[in-house]
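# Geometric and topological summary
Next come the chains, spelled out residue by residue.
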Amino acid sequence: MTTILGTKYPLIQGALAQISLPPLVAAVSNAGGLGVLTTTNMDVPALEAAIAAVRAQTDKPFGVNLMLQQANMAEIVPYLITHPVPVVTTSAGTPKAFCQAIQAAGTKVVAVIPSVKVAVKMAALGVDALVAEGMESGGHIGTETTFSLVQQVTAAVDLPVFAAGGIADAAGVAAAKALGAVGVQVGTAFLVATETPIAQAYKDAVIAATDTGTVVTGLALHDAVRSLKNPLTTAYLEAEAAGADADSLHGMLDGSLTRAINGDIAHGTLMAGQIAGKLTGVAPVSAIVARLFPED
Ligand SMILES: Cc1cc2nc3c(=O)[nH]c(=O)nc-3n(C[C@H](O)[C@H](O)[C@H](O)COP(=O)(O)O)c2cc1C
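A brief look at the structure comes next.

What counts, and at which threshold
Residues numbered from 1 in each chain as written. Predicted model: local features only at pLDDT ≥ 70, side-chain atom pairs only at ≥ 80, totals over all residues. Heavy atoms only, no water. Helix = DSSP H or I, 4+ residues; strand = E, 2+ residues; numbered from the N terminus. Rg over C-alpha atoms; globule rule 2.2 N^0.38 Å. Buried < 20%, exposed > 50% of the residue type's maximum accessible area, 1.4 Å probe, protein only. Contact = heavy atoms within 4.5 Å. Areas by Shrake-Rupley, 256 points an atom, 1.4 Å probe, with all protein chains shown as cover. Lys, Arg positive; Asp, Glu negative; His and termini not counted. Charge placed at Lys NZ, Arg CZ, Asp CG, Glu CD. Pairing = 2+ DSSP bridges. Axes fitted to C-alpha atoms, helices over the stretch in contact; angles between N-to-C directions. Arc of directions from axis to C-beta. Core = buried A, V, L, I, M, F, W, Y, C linked by side-chain atoms within 4.5 Å. Right-handed = clockwise from strand over helix to strand, strands pointing away.

## So, the overall build of the protein
- On a plain count of helices and strands, the protein comes out with 14 helices and 11 strands.
- Rg of the C-alpha trace for the protein: 18 Å, near the compact-globule value of 19 Å for 296 residues, within the 12% margin.
- Along the first, second and third principal axes, the C-alpha set of the protein runs to 50 × 40 × 40 Å.
- Counting the 296 residues in the protein, one finds 52% classified as buried.
- Pairs at least 24 apart in sequence give 59% of the contacts found in the protein among residues at least 6 apart.
- Just so you have it, the protein exposes about 12000 Å², and 57% of that area is on carbon and sulfur atoms.
- The averaged location of the 22 negative side-chain charges in the protein is 7 Å from the averaged location of its 14 positive side-chain charges.

Next comes the structure, spelled out in structure tokens:
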């Protein structure tokens with residue numbers, strides 16, 4: 001599988017909206033994984049500059065994430081067809097409209113999927129690999145657990161599968177491989193990397209979290225998101241239980257990831273997964289990768 005991604009380790013740094021910017025992406029790629037650039041809120045000039053910054057810091061393969069619900073997709077996808085990158089990861093939708101064009105440009109397409117049904121659809125589409133992402137993950141999530149999902153996806157499709165959700169060290173990598181995965185995608189553990197451009201208060205909150213420290217918001221909006229429990233999630237869940245309308249619920253969440261990134265840990269959405277409870281401190285990307293793959 002490492003030959004498909006061209007990386008030393010079967011490791012994908014999961015895209016982190018607004019967060020996985022060039023310093024983190026290049027550090028992961030230099031450490032032997034696949035750094036993946038977020039495209040959230042980027043127009044083409046911003047994406048072009050970010051890709052140039054990654055290339056200036058590493059000659060290793062990297063990826064660009066297309067979160068297909070983002071408003072900028074119609075602008076960014078044509079750019080990536082004419083200016084190919086090594087890997088594109090897709091999430092929250094199907095890359096059907098552009099998958100072949102991206103692959104024809106020489107880019108590998110890796111689809112993040114939440115169920116066997118979607119995995120089978122993506123295999124029929126001809127993507128190069130899958131990330132089976134369980135609901136332990138931070139950020140936008142599906143409904144199935146990593147443990148149950150990964151082994152059913154690997155049994156159902158003849159494609160390399162990376163496991164995501166709840167993986168932060170060698171124990172998680174070994175478990176993923178036991179379930180039939182070729183490798184892992186990791187998000188939450190990279191939130192607390194030295195190179196990750198978020199406020200120290202956000203990192204401290206992730207480190208302080210226990211196993212029960214996360215909660216899911218957005219169920220009533222059909223947009224489930226896992227984040228750390230805080231005054232915002234408490235207020236949101238109270239409003240949801242009281243039957244607040246979609247507009248006011250959206251109003252509570254809009255812009256809240258940006259607030260978290262800027263250090264407002266009470267009123268921001270501190271997206272993070274259940275494995276946060278296992279993270280004990282900030283460390284350089286190289287140390288986080290060494291914890292995942294200590295033998296090599
Ligand atoms: C803060 C944060 C932001 C995320 N943003 C995205 C995103 O923009 N696109 C995407 O495909 N996945 C996103 N994810 C999911 C990760 O890429 C990855 O699949 C997930 O974090 C893996 O589970 P883990 O958190 O248990 O490691 C995000 C996760 C977090 C924690």
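## Let's talk about the sheet that holds strand β10 (residues 214–217)
- The strand order β7-β11-β10 describes an open sheet built from 3 strands, whose pairing is antiparallel. The outermost strands of the open sheet, each flanked by one partner alone, are β7 (139–140) and β10.
- The strands touched by helix α11 (residues 231–241) within the sheet are β10 and β11 (225–228), with β10 carrying the most contacts at an inclination of about 40 degrees.

## A few points about helix α6 (residues 116–125)
- Within α6, the full set of buried residues consists of A119, M122 and L125. One side of α6 carries all its buried residues, which in axial view fall inside an arc of 120 degrees. Seen from the buried face of α6, the exposed residues on the opposite side, beyond 90 degrees, are K117, K121 and A124.
- G126 lies just past α6 and shows a positive phi near 95 degrees.

## Details of the nonpolar core
- Core analysis: the biggest nonpolar cluster contains 79 residues, and L80, L130 and Y202 have the highest contact counts within it.
- Of all hydrophobic cores here, the second largest spans 11 residues; its members include L5, V36, V112 and F162.

## Thoughts on the environment of P160
- Inspection of the secondary structure puts P160 in the loop between α7 (146–156) and β8 (161–164).
- In this structure the C-alpha to C-alpha distance between P160 and L34, which are 126 residues apart in sequence, comes to 15 Å.

## Remarks on the pairing of strand β9 (residues 183–186)
- Taking every second residue as pointing to the same face, both faces of β9 are buried, with G183 and Q185 on one and V184 and V186 on the other.
- Note: strand β1 (residues 11–13) against β9, 3 bridges, orientation parallel. For I12, the partnering residue across the bridge sits in β9 and is Q185.
- The sheet contact formed by β8 and β9 spans 3 bridges and is parallel. The residue bridging A163 from the neighbouring strand is V184, located in β9.
- In terms of handedness, the path from β8 via helix α8 (residues 170–178) over to β9 forms a crossover that is right-handed.

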